[in-house]
There are 2 protein chains.
Amino acid sequence: MSLANIKDSEVDIVIGALHSDLTSFMNEWRPIFSRFHLIIVKDPDLKEELRIPEGFNIDVYSKSHIDRVVGSSSSIVFSGYSCRYFGFLVSRKKYIVSIDDDCIPAKDSKGFLVDAVAQHLANLATPATPFFFNTLYDPYREGADFVRGYPFSLRSGVTCALSCGLWLNLADLDAPTQALKPAQRNSRYVDAVMTIPSRAMMPISGINIAFDRGAVGPALLPALKLAGEGNLRWETMEDIWSGMCVKVVCDHLGLGVKSGLPYVWRKDRGSAIESLKKEWEGVKLTEEIVPFFQQVRLPQTAATTEDCILEMATTVKQQLGPSDPVFTRAAEAMVEWVKLWKAVGSGSSPL
Amino acid sequence: MSLANIKDSEVDIVIGALHSDLTSFMNEWRPIFSRFHLIIVKDPDLKEELRIPEGFNIDVYSKSHIDRVVGSSSSIVFSGYSCRYFGFLVSRKKYIVSIDDDCIPAKDSKGFLVDAVAQHLANLATPATPFFFNTLYDPYREGADFVRGYPFSLRSGVTCALSCGLWLNLADLDAPTQALKPAQRNSRYVDAVMTIPSRAMMPISGINIAFDRGAVGPALLPALKLAGEGNLRWETMEDIWSGMCVKVVCDHLGLGVKSGLPYVWRKDRGSAIESLKKEWEGVKLTEEIVPFFQQVRLPQTAATTEDCILEMATTVKQQLGPSDPVFTRAAEAMVEWVKLWKAVGSGSSPL
């Protein structure tokens, strides 16, 4: 893996703190995180003081910072998992790696600790190939290449803007599936990274991702907030929405999205049955969201990620708004986010 | 893996014999092949008598059978790797598994022999999911499921019509890549099967495939014959062309294509440098073929695989024909193949 193109100083690791005691989380990640600058954003709903062990280069943001930057009247809500987006906003780095605080480093099939950050940066530093599928997966990995029949003109690939990692142990299932299969754990370590083809849609999870903030930062946004959203992943959809936005933007701008390695190990927590009692809206909303994002096309005039998000917000409001007010609120949050990004996120000086 | 839906008697294993001595090949595959009916088609250019060990249920076809069925004036050439297509034509089974005669069973990452036939049939027996990508790969495998954000309405999937397996040791590279990296061997066993998304194109290799002959049989056809084609895979493009045809047909008819497991072990043979001296046309042709198949769309009236191939043949002749006579010949072979298939391939009685 060649990391020649990405320096440690170009990377922020952003952690949304939904738990007050990060001691064990941070210590597990210490061998991997300690070289990098970290941004920890405390869930504004979390009352207790954060406990963070010594020895890291960290900026911590809490409710007071959020209020100061976005004001309390904003249509953007940074509570729960959405707090991490504040970290994306205030970062001044080219690359972001973001991992949920209930995940620890995974081990590969040989028992070696997986350096998830190094793998994410390798994914982002090497090209993506969205216009033709390579059956031997990532052609830029050591020992791999393009297979016979792959057009030579497409072998230089495009910039990879987003790297989506996966999960061992507790997979990222939705509440109904998790409730139906409470004992199911993911133990299959699939040693592959691949580019998701252009125009193919996928459920991007926010659990374990990295992205080129300079290229697609404004597309990673907290827009879709479920009514009964809690602080368990299967109760949320904010990352699925944001993921469809960023995939559409990448397809439009000719950027790539990779999925596969690295894995993280997700610890068990929460009861899916309890989550189901909250009448999870995700089932219904997904049925409307996916066809929308599959067919949405952006005009040629949308030349930046900000343009693309504003165009999509208008279309969301028109096409999805009438069916559920949650979509109108999402569209408003998208517009608000682009304003915020222009005011704060694209600034060159730290907060 | 549930194979409940596919009986052994519904399967033909088709081997194109490019080598006269199949003793070692057949003995290596004996534990896997012996339950099934086999069709061996001898390369009409091969002079020596075939040597096939005892203990198999086999029908062998040679040049005289081919001449009797298709006549010598046909625009379809069954020499070299194309001989296997004669087996697809004369089979009366619903499913075909076809593996090159320089491949032996692979071992998985734990050292166990891979039953490539069982895995292919599992791929074909379980649905494919071409309309949305599942990040945890095949949701129908044991221990896997659809991830959060996957629309429930798409979870029943569609019929899987084609299963594309992969290769350990000698990967399926083209002649220039193989010549550039003569020592490169594929040792990465990726424990995954995935559906290739609708409208995404891929280089389908004929080395190790299985398909639903009833659904897409007429789309697996010997149409593109290179001028200097030899009997080494990297000298051929016939499967790449056929693969694009079948992918377009599947996308049009709402069928699925899977890629990944099973692996086979490809033995080394031949010199890529010698192949390059034949001035491999593949590089140039690929650049024209891929954009063509990416943009070709079939009319709603094309309701069967035969219809689709005839429509594509017309478009190939119009759009690609003027640039190279090899494409005009391919279009003619496609039309001829559909005629043959109607006369022979869709017949209900054995040859």
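Quick notes on the rules
- Residues numbered from 1 in each chain as written.
- Chains lettered and ligands numbered in written order.
- Predicted model: local features only at pLDDT ≥ 70, side-chain atom pairs only at ≥ 80, totals over all residues.
- Heavy atoms only, no water.
- Helix = DSSP H or I, 4+ residues; strand = E, 2+ residues; numbered from the N terminus.
- Rg over C-alpha atoms; globule rule 2.2 N^0.38 Å.
- Buried < 20%, exposed > 50% of the residue type's maximum accessible area, 1.4 Å probe, protein only.
- Contact = heavy atoms within 4.5 Å.
- Areas by Shrake-Rupley, 256 points an atom, 1.4 Å probe, with all protein chains shown as cover.
- Lys, Arg positive; Asp, Glu negative; His and termini not counted.
- Charge placed at Lys NZ, Arg CZ, Asp CG, Glu CD.
- Salt bridge = Lys/Arg side-chain N within 4 Å of Asp/Glu carboxyl O.
- Buried area = accessible area lost by both parts, 1.4 Å probe.
- Polar contact = N/O pair within 3.5 Å; in protein donor to acceptor, adjacent residues only side chain to side chain.
- UniProt positions renumbered as here; feature names shortened; annotations may be inferred.
- Least-squares fit on C-alpha atoms with pLDDT ≥ 70 in both.
- Axes fitted to C-alpha atoms, helices over the stretch in contact; angles between N-to-C directions.
- Parallel < 35°, antiparallel > 145°, perpendicular 65-115°, else oblique.
- Core = buried A, V, L, I, M, F, W, Y, C linked by side-chain atoms within 4.5 Å.
- pLDDT = per-residue confidence, 0-100.
- Disulfide = S-S within 2.5 Å.
- Phe/Tyr/Trp six-rings, centres within 6.5 Å; stacked < 30°, edge-to-face > 60°.
- Lys NZ or Arg CZ within 6 Å of the ring centre and 35° of its normal.
- Pairing = 2+ DSSP bridges.

Draft legend 1. Representation of the overall build of chain A in the model. In terms of regular secondary structure, chain A is built from 11 helices and nine strands. In terms of C-alpha radius of gyration, chain A reaches 19 Å, essentially the compact-globule figure of 20 Å for 351 residues. Taking the principal axes of its C-alpha atoms as reference, chain A extends roughly 55 × 50 × 50 Å. Going through the 351 residues of chain A one by one, you find that 62% of them count as buried. Considering only contacts in chain A between residues 6 or more positions apart, those separated by 24 or more positions represent 78%. Summed over its atoms, the accessible surface of chain A is roughly 12600 Å², and 52% of this surface lies on carbon and sulfur atoms. Put simply, chain A has 37 plus and 41 minus side-chain charges, and the middle of one group is 2 Å from the middle of the other.

Draft legend 2. Summary view of the pattern of salt bridges. Residues and elements named next belong to chain A. Under the defined criterion, the tally for this structure stands at 42 salt bridges over all chains. Taking the shortest distance from any N to any O, the salt bridge between aspartate 251 and lysine 247 comes out at 3.0 Å. One end of the pair is aspartate 251 and the other is lysine 247, both in helix α7 (residues 238-253) and four residues apart, which spans about a single turn. Taken individually, aspartate 251 and lysine 247 each receive the classification buried, so the pair is uniform in this respect.

Draft legend 3. Just helix α4 (residues 116-125) of chain A, in detail. Taken across its 10 residues, α4 of chain A has 10 buried, putting it largely inside the fold. By the burial criterion, the buried members of α4 of chain A are Ala116, Val117, Ala118, Gln119, His120, Leu121, Ala122, Asn123, Leu124 and Ala125 of chain A.

Draft legend 4. Inspection of the interface of chain B and chain A at higher detail. On the side of chain A, 60 residues touch chain B, which itself brings 60 residues to the contact. Roughly 4800 Å² is buried in total at the junction of chain B and chain A, and carbon and sulfur atoms are behind 58% of that figure. Here chain B is connected to chain A by 10 salt bridges. One salt bridge in this structure joins arginine 148 of chain A and aspartate 172 of chain B, with 2.8 Å as the shortest N-O distance. Viewed at the interface, chain A and chain B are joined by 28 residue pairs in polar contact (both at pLDDT 80 or more). For the side of chain B that touches chain A, the secondary structure elements donating two or more residues are β6 (160-169), α5 (175-180), α7 (238-253), β9 (256-266) and α9 (282-295) of chain B. When residues of the side of chain B that touches chain A are assigned to their parent elements, the largest contribution, five residues, is made by α9 of chain B.

Draft legend 5. Geometry of the UniProt feature "site: Required for activity" (unreviewed entry) in chain A. The feature "site: Required for activity" (unreviewed entry), as annotated in UniProt, sits at Arg148 and Arg155 of chain A in this numbering. By the element assignment, arginine 148 of chain A lies in the loop between α4 and β6 (160-169). If sequence neighbours within four positions are ignored, arginine 148 of chain A has contacts with Asp172, Leu173, Asp174, Pro203, Ser205, Arg233, Trp234, Thr236, Met237, Asp239, Ile240 and Trp280 of chain B. At a separation of 3.5 Å, a polar atom in the side chain of arginine 148 of chain A contacts the main-chain carbonyl oxygen of arginine 233 of chain B. Counting through the fold element by element, arginine 155 of chain A comes out in the loop between α4 and β6. Residue classification places arginine 155 of chain A among the buried residues on the basis of a relative accessible area of 11%. Residues contacting arginine 155 of chain A, with those up to four places away along its chain left out, are Tyr140, Phe146, Val147 and Tyr150 of chain A together with Asp174 and Thr177 of chain B.

Draft legend 6. Local environment of the relation of the copies chain B and chain A. For the pair chain B and chain A, the best superposition has an RMSD of 0.0 Å and corresponds to a rotation of 180° with a translation of 0.0 Å parallel to the axis. The symmetry that links the two subunits is that of a two-fold axis. Relative to the rotation axis, the C-alpha of valine 190 of chain B is the closest in chain B, positioned 2.8 Å from it. A shared interface surface links the copies, since 100% of the contact residues of chain B are contact residues in chain A too.

Draft legend 7. Broad picture of the packing of α7 of chain B against α9 of chain B. All names here are of chain B. Where α7 contacts α9, the two axes come as close as 10 Å, and the packing angle between them is 10°. Judged by the inter-axis angle, α7 sits roughly parallel to α9. Of the residues in α9, those touching α7 at Trp241, Met244, Cys245 and Val248 are Ile289, Val290 and Phe293.

Draft legend 8. Quick peek at the nonpolar core. Phe33, Trp241 and Phe293 of chain A together with Phe33, Trp241 and Phe293 of chain B are the most contacted members of the largest nonpolar core, which has 248 residues in total. Discounting chain neighbours no more than four positions away, the residues touching tryptophan 241 of chain B are Leu221, Ala223, Leu224, Ile289, Phe293, Val316, Leu320, Phe327, Ala330 and Met334 of chain B.

Draft legend 9. Just the confidence of the model for chain A, in detail. Mean pLDDT over chain A: 94, with 97% of residues reaching 70 or higher. As a predicted assembly, this complex carries a pTM of 0.95 together with an ipTM value of 0.95.

Draft legend 10. Spatial organisation of the state of the cysteines. All names here are of chain B. For the structure shown, the criterion picks out zero disulfides over all chains. Free of any disulfide, cysteine 250 has its nearest cysteine sulfur in cysteine 160, 8.0 Å distant. Using a relative accessible area of 0% as the deciding quantity, one classes cysteine 250 as buried.

Draft legend 11. Main features of the packing of aromatic side chains. Scanning all chains against the criterion turns up 33 aromatic pairs over all chains. With a centroid separation of 5.6 Å and an interplanar angle of 85°, the aromatic rings of phenylalanine 78 of chain A and phenylalanine 86 of chain A are classed as edge-to-face. Take phenylalanine 78 of chain A and phenylalanine 86 of chain A: they sit in the same class, and that class is buried. Between phenylalanine 292 of chain A and phenylalanine 293 of chain A the ring centres are 5.0 Å apart and the planes differ by 80°, which places this aromatic pair in the edge-to-face class. For phenylalanine 292 of chain A, a relative accessible area of 3% translates into the label buried. Phenylalanine 293 of chain A sits in the buried class, given a relative accessible area of 1%. Feature note: the residues Tyr61, Phe78, Tyr85, Phe86, Phe88, Phe211, Trp337 and Trp341 of chain B constitute an aromatic cluster, connected by ring pairs. Just above the ring of tyrosine 81 of chain A sits the side chain of arginine 233 of chain A; from NZ or CZ to the centre is 3.9 Å. The aromatic ring of phenylalanine 152 of chain B is capped on one face by arginine 155 of chain B, whose charged end is 3.8 Å from the ring centroid.

Draft legend 12. How the structure looks around unusual backbone geometry. Residues and elements named next belong to chain A. For the bond from leucine 261 to proline 262, the omega torsion is 5°, close enough to zero to count as cis. By secondary structure assignment, the location of proline 262 is in strand β9 (residues 256-266). Here the phi dihedral of asparagine 169 falls at roughly 70°; this positive angle occurs in a residue that is not glycine. Note on placement: asparagine 169 falls in strand β6.

Draft legend 13. Molecular detail of the pairing of β9 of chain A. All names here are of chain A. For β9, the buried fraction is high: 10 of the 11 residues fall into the buried class. Here strand β5 (residues 103-105) pairs with β9 via three bridges, running antiparallel. Bridging from a neighbouring strand, proline 105 pairs with valine 264 of β9. Relative to β9, β6 is paired through nine bridges, and the arrangement is parallel.

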